Amino acid sequence: MEGKDRFSLLLLEPSEIYFEDFAAIYHLPEDAANREDGWEKICEDGQLRGRLKVCSKSLVFDPRDTRAPIIKFPLRSFESVQETQGEDKSELLSSDGDRTFIEVKCGMTVEMLEGNVLQPYKFCREVHCHTFELVYVKAATVLPQVCQLQRASTLPPNDQNTMIQAIVRSRQRRKRFDRSLLGDISETVVLESQANKVTPLVTNPGTVLLTTSTLYFQPHNNAEKYPVIRIGLHEIRQVIKRRFLLRQVGLEVFCRDQCMVKHLLLTFKESEERDNLYECLMQQENVSVDDTRQDNISYQWQAGAISNFEYLSYLNSQADRSVNDLTQYPVFPWVLADYVSESLDLGDPAIYRDLSKPVGALNECRLKRLKERCKDMPEPRFLYGSHYSTPGFVLFYLVRQYPQYMLCLQNGRFDHPDRMFNSLPDTWYNVTTNPSDFKELIPEFYDLDGSADFLTNSMQINFGVRQNGKPVGDVELPPWAKGPETVIKTMRDALESEYVSQNLHLWIDLIFGYKQNGEEAEKADNLFYHLCYEGSVDLAAITDLNDRLALEVQITEFGQVPKQLFSKPHPQRSRSFGVYDSMYLSNGISESSICNEVEEERLRANSGESNENKVVNPGSTNLWQRLAELRLLRECRAHREAITGVIFTTDSQNILSVGQDALLKMYTLPKLNQVRSVRISSMAASSCIHLPGTDTVLVGSWDNTVYKYSLEFSQVHPLLEAHCDAVSCMQWNQDVLVTGSWDCTVRTWSLEVGANGNVQRKERDNNGRGKGGSMSAGENILCEMDHDSPVTCVALHPAGSLLASGTQDGTLAVWLLPAGDLVHQISCHSSSVNAIAWSDNEDRVLTAGDDGLLTIADAHQGNKICIHDLQENIRCVAWEGRLVIGGSVSGDVIMFDMGTGAVIKRLTSHTGPVTCLAISPDNQHLVTVSEDRRIILWGAD
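Caption draft 1: Expanded view of the overall build of the protein chain. Assigned secondary structure in the protein chain consists of 14 helices and 45 strands. By residue count, 57% of the 941 residues in the protein chain fall in the buried class. A fraction of 58% describes how many contacts in the protein chain between residues 6 or more apart in sequence connect residues 24 or more apart.

Caption draft 2: Highlighting the nonpolar core. Membership of the largest hydrophobic core comes to 94 residues, with the highest contact counts inside it found for Y311, W334, F445, Y446, M491 and F512. Apart from the residues within four sequence positions on either side, M491 is in contact with L336, Y339, L424, L441, F445, Y446 and W480. Membership of the second largest hydrophobic core comes to 33 residues, among which are Y26, I102, I164 and V168.

Caption draft 3: Expanded view of helix 3 (residues 271–282). For helix 3, with 12 residues, the first-to-last C-alpha span of 16 Å sits near the 16 Å given by 1.5 Å per residue. When helix 3 is considered as a whole, its buried residues turn out to be R274, L277, Y278, C280 and L281.

Caption draft 4: Inspection of the pattern of salt bridges at higher detail. Taken as a whole and judged by the stated rule, the model has 38 salt bridges. With its nearest N and O atoms 3.0 Å apart, the salt bridge here joins D437 to K439. Just as D437 is buried, K439 falls in that class too. Among the ionic pairs, E629 bridges to R626, the shortest N-O distance being 2.5 Å. For E629, a relative accessible area of 23% gives the class partly exposed. One continuous salt-bridge network, built from bridges that share partners, spans D21, R51 and K53.

Caption draft 5: Main features of the sheet that holds strand 43 (residues 914–919). Read from one edge to the other, the open sheet built from 4 strands follows the order 17-45-44-43, with strand pairing classed as antiparallel. The sheet is open, and its two borders are formed by strand 17 (630–637) and strand 43, each paired with just one other strand. This sheet shows a mean twist of 20 degrees between the axes of neighbouring strands, independent of strand direction. In terms of strand pairing, strand 17 meets strand 45 (residues 934–940) through 7 bridges, oriented antiparallel. From the neighbouring strand, C636 faces strand 45, where its bridge partner is I935.

Caption draft 6: Structural context of the state of the cysteines. Using the criterion set out here, one finds 0 disulfides in the structure. Between C129, a cysteine without a disulfide, and C106, which holds the nearest cysteine sulfur, the sulfur-to-sulfur distance is 8.6 Å. Residue class for C129 comes out partly exposed when judged on its relative accessible area of 36%.

Caption draft 7: Up close: the sheet that holds strand 16 (residues 263–267). The sheet built from 7 strands is open, its strands ordered 13-12-11-10-16-15-14 with antiparallel pairing. The strands lining the two open edges of the sheet, one partner per strand, are strand 13 (229–232) and strand 14 (236–244). Here the average twist between neighbouring strands, direction ignored, is 30 degrees. As defined by bridge partners, strand 10 (residues 189–199) adjoins strand 11 (residues 202–211) across 10 bridges and the pair is classed as antiparallel. Bridge pairing in strand 11 links A195 to G206. Docked against the sheet, helix 5 (residues 308–318) engages strand 14 and strand 15 (247–255), running at close to 55 degrees with respect to strand 14.

Caption draft 8: Expanded view of empty space enclosed by the protein. In this structure the tally under the stated criterion is 6 cavities of 30 Å³ or more. Taken together, I17, Y18, F19, R171, Q172, K175, P205, H220 and N221 form the lining of the second largest cavity. For the lining of the second largest cavity, the secondary structure elements donating two or more residues are strand 1 (18–27) and helix 2 (157–173). When its residues are assigned to classes, the lining of the second largest cavity shows 4 nonpolar, 3 polar and 2 charged.

Caption draft 9: Expanded view of the packing of helix 4 (residues 294–303) against helix 5. Two elements in contact, helix 4 and helix 5, have axes whose closest approach is 10 Å; the angle formed by their N-to-C orientations is 160 degrees. With respect to each other, helix 4 and helix 5 are oriented roughly antiparallel. The way helix 4 lies across helix 5 gives a crossing that is left-handed. Counting all contacts with helix 4, which are made through Q294, I297, S298 and W301, the residues of helix 5 involved are N308, Y311, Y314 and Q318. When the residues that make up the contact of helix 4 with helix 5 are grouped by side-chain class, the tally is 4 nonpolar, 4 polar and no charged.

Caption draft 10: Main features of the environment of Q674. Mapped onto the secondary structure, Q674 falls in strand 21 (residues 674–679). As for Q674 and I655, which are separated by 19 residues in sequence, their C-alpha atoms are 9.3 Å apart. In this structure Q674 touches A638, K665, M666 and Y667, once residues within four positions along its chain are discounted. At 3.5 Å, the side chain of Q674 forms a polar contact with the side chain of K665.

Caption draft 11: View of the confidence of the model for the protein chain. The pLDDT averaged across the protein chain works out to 88; a share of 89% of its residues lies at or above 70. In the model, residues 577–620 has pLDDT below 50 throughout and makes 74 contacts with residues more than four positions away in sequence or in other chains. Across residues 764–778, confidence stays below pLDDT 50; counting only partners more than four residues off in sequence or on other chains, it has 35 contacts.

Caption draft 12: Looking closely at the environment of G304. Tracing the backbone through its elements, the reader meets G304 in the loop between helix 4 and helix 5. With 197 residues separating them along the chain, G304 and S501 place their C-alpha atoms 9.5 Å apart.

Caption draft 13: Fine view of helix 5. With 9 of its 11 residues buried, helix 5 lies for the most part within the structure. All buried positions along helix 5 are accounted for by N308, F309, Y311, L312, Y314, L315, N316, S317 and Q318. Considering only its buried residues, helix 5 is in contact with strand 14, strand 15, helix 4, helix 10 (484–495) and helix 11 (498–511). Downstream of helix 5 by a residue or two, D320 has a phi angle that is positive, lying close to 70 degrees.

Caption draft 14: Molecular detail of the side chain of N526. Secondary-structure assignment places N526 in the loop between helix 12 (518–523) and helix 13 (545–558). Leaving out residues up to four positions away in the same chain, N526 has contacts with P358, Y384, L510, K515, Q516, A521 and Y533.

Caption draft 15: Just a positive patch on the surface, in detail. On the surface, a cluster of positive charge is contributed by R169, R173, R174 and K269. Inspection of the secondary structure assignment puts R169 in helix 2.

Caption draft 16: Quick peek at the packing of aromatic side chains. A complete count under the given rule lists 30 aromatic pairs for this structure. Here Y402 and Y405 contribute two aromatic rings whose centre-to-centre distance is 5.1 Å and whose plane-to-plane angle is 20 degrees, an arrangement assigned as stacked. An aromatic cluster is present here, built from F396, Y397, F421, F445 and F454 joined pairwise through their rings. Taking the ring centre of F393 as reference, the NZ or CZ of K439 above it sits at 5.2 Å. Note that K439 overlies the ring of F396, its terminal NZ or CZ placed 4.4 Å from the centroid.

Caption draft 17: Focus on the pairing of strand 33 (residues 811–816). Among the 6 residues in strand 33, 5 count as buried, and that is most of the element. Taken together, strand 32 (residues 802–807) and the strand that follows it, strand 33, pair antiparallel across an intervening segment of 3 residues, in which G810 is found at a positive phi of about 90 degrees. Where strand 33 and strand 34 (residues 821–827) come together, 6 bridges link them in antiparallel fashion. Looking at strand 34, one finds that A813 is bridged to Q825. Between strand 33 and strand 34, which pair antiparallel in sequence order, lie 4 residues; one of them, G820, sits at a positive phi of approximately 80 degrees.

Each value, and the rule that gives it
Residues numbered from 1 in each chain as written. Predicted model: local features only at pLDDT ≥ 70, side-chain atom pairs only at ≥ 80, totals over all residues. Heavy atoms only, no water. Helix = DSSP H or I, 4+ residues; strand = E, 2+ residues; numbered from the N terminus. Buried < 20%, exposed > 50% of the residue type's maximum accessible area, 1.4 Å probe, protein only. Contact = heavy atoms within 4.5 Å. Core = buried A, V, L, I, M, F, W, Y, C linked by side-chain atoms within 4.5 Å. Expected span 1.5 Å × (residues − 1). Salt bridge = Lys/Arg side-chain N within 4 Å of Asp/Glu carboxyl O. Pairing = 2+ DSSP bridges. Axes fitted to C-alpha atoms, helices over the stretch in contact; angles between N-to-C directions. Disulfide = S-S within 2.5 Å. 1 Å grid on protein atoms, 1.4 Å probe; cavity = no way out; pocket = protein on both sides within 12 Å on 5 of 7 lines; lining within 4 Å. Points joined across faces, edges and corners; volume = space filled by probe spheres on them. Nonpolar A, V, L, I, M, F, W, Y, C, P; charged D, E, K, R; others polar. Parallel < 35°, antiparallel > 145°, perpendicular 65-115°, else oblique. Left-handed = near helix turned anticlockwise from the far one by under 90°. Polar contact = N/O pair within 3.5 Å; in protein donor to acceptor, adjacent residues only side chain to side chain. pLDDT = per-residue confidence, 0-100. Patch = residues over 30% accessible without salt bridge, like charges linked within 9 Å, V, L, I, M, F, W, Y side chains within 5 Å. Areas by Shrake-Rupley, 256 points an atom, 1.4 Å probe, with all protein chains shown as cover. Lys, Arg positive; Asp, Glu negative; His and termini not counted. Charge placed at Lys NZ, Arg CZ, Asp CG, Glu CD. Phe/Tyr/Trp six-rings, centres within 6.5 Å; stacked < 30°, edge-to-face > 60°. Lys NZ or Arg CZ within 6 Å of the ring centre and 35° of its normal.

Structure, rendered in structure tokens:
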């Protein structure tokens, strides 16, 4: 039986370096036959063939026969090491026909993986002489390095670490990337650097090479699965700068499915080396990373486009938590608090943990005792003596799936059987009652795509026997679980429940947000030992290597608070999420077929063929829920010049449009028969509003005036001499008219609707204000808001308390009404803001700009929370939930999901830029207008 890849760096001590290995024959000590276990009987001639591996703190012999154990010879236990003549026992010869031997006399050996079985290591503390016959190499080649490392092991810890580091650096300086491993000899080298590849509990040194087509990592030894890792630059989907041991020296590369590795975590000696590779990598033409802006992903979660599990996974990644680093393993919350009931009702809030509190504060009595202890501490004080995530806690959960990690972490031993993860109910009880147990969960408890092996002893490992006489086997599950898969499914369902969705932001505040540290953490009973926090110590400034290594061990073992991601309270998830999740995913209608229908309708209209038989009654279903079925119902040529504004009448029975020909026109639904055409002024009209409950239409004009038009009497009257330049946009809400102008101002006007439905300025008071007639600028102005450039669009909040305005210089301004106080000024676009819309349920503003961006801003915090680049100019928008309908300069109508960042559908409709669009009040129709002078009516079957 021959072993392959049995040796692992996990068999070495933490931070130990594996240099190289040699073919060798191990001659067993003469007294080995007296041993009772008898593994040596597999080699009756007293010889084992294998590889002798030279490491910084040990020699390791890896036999080819897996029945024999891997044997480690710690250098610190060596009494002597020398070259000898050996005995004539082997027929194998070295390259020149001479036999060459190394004899090691040591007082300890460690036997591992005997019979290729994962089990606690065997420590033999007897002095023996061990002889290694080297094959194809002379002892003089190997012995000097072994002797040098052995001398280092005899030094005091500080000097030993210094000497080993000097040896490592000397060897690494001589290492260069093997150019024969390049995938293509025509590749141009961009950068070469030294780095460590990090996997759980292991850091392995190697060389990083970046070329114009590929990122390479070549380890300095043969312990890896691949002699070189090749990542094509086109295979890279994400690159994240990482913190490692509280220092910004890590870089993790995530790859697409076709790549040979899923991800690669590298660490560098200095942050400058890391940053240099990052910059060079991101500058390469072939690198195209996914859009993972934190604000976009947060909005996707709030909008329901991604699950709670996906969002927590993302936040962990952004906060430098990685499955490759057990010291910063992803952390997930305990969600359920009931592990004793026979069944669970996931709709019952009583079964859930309070997510507003850290684990240590869930038990009031325990918290009280911890606070009393904290008061008597010297500074810096802490509330909890252990962290919620450490390598030990991670392996507490995963020991059945990865027993080799536990053996590595605990020097070849498993934990005491009674301290292991034996019961999920008992673990929950301990973390809510034990004065020193505050651990949270890991993602495996919620991962439906993962394995349930961590809950079962599927490898039949002998973990020992508990005090009750039972061997450690599978994890005891709650009564409501029928098996391991049921546990994960139920806990995932609980994580995605309405209760958790509405409260998860509170836990995010504690772990990743503003309650993570400082005064807010103290108020939230969320204070840990100071070395858990980034910035608490500067390891680079510690010159004493021994002190530095001691601190690194302390940081590693005690746990690290994630990098802080949010400095303000995290927004709550929207209760309206999920309404549109599947409405356009299963309709079976292709974009191309819809575009063909549109083109057929246009050709039919241009040829004069009647569309009478093509009109479809869209029924009573909300148009927003059927965007995938949206189709052209009717179109007509409306104006002689570009159309600038379009609306539905408030009863959803007619359409009104205005254009640069200064005309106001009205059409019936659904046939688009023109029933009105009236000239408003001598200059172009820019916008129009139908006032609810009246027959009055307000029209803004480039002659600086707002006109009122009576549908009943077909009369036009000037209402306001509103601005010193063209009226560019208007909004109406609750007797307040808002006008924006090219004169860089926005004004709000106090108007009233009379008993006869007529609109006029309000009555003047005793100081001489009159009523009726046209008003000049200054009369009945509630407030005036100045801007730095012409105002292009305005939008009133549905509640009427906030006003948003956009300008030609790309600025979004948020104002508080009625006083007109500036709340926030946000640079949303690099050029003109074309359209603004408010969300119905939250104080958020959507903007569209000439730069092709769609942005969502928070009106209270004044920050952008979502940005998508459509790479085309969007002139007008309608917004519902997370869905946007936009009109493009290209003439297309685009349906876009702000949550997923995906175009749902694109309709090729107009031959000129779409200038305005509107949704009917009954949500049954969409109308679009364009510079091509056409009106198109859309509906869903």
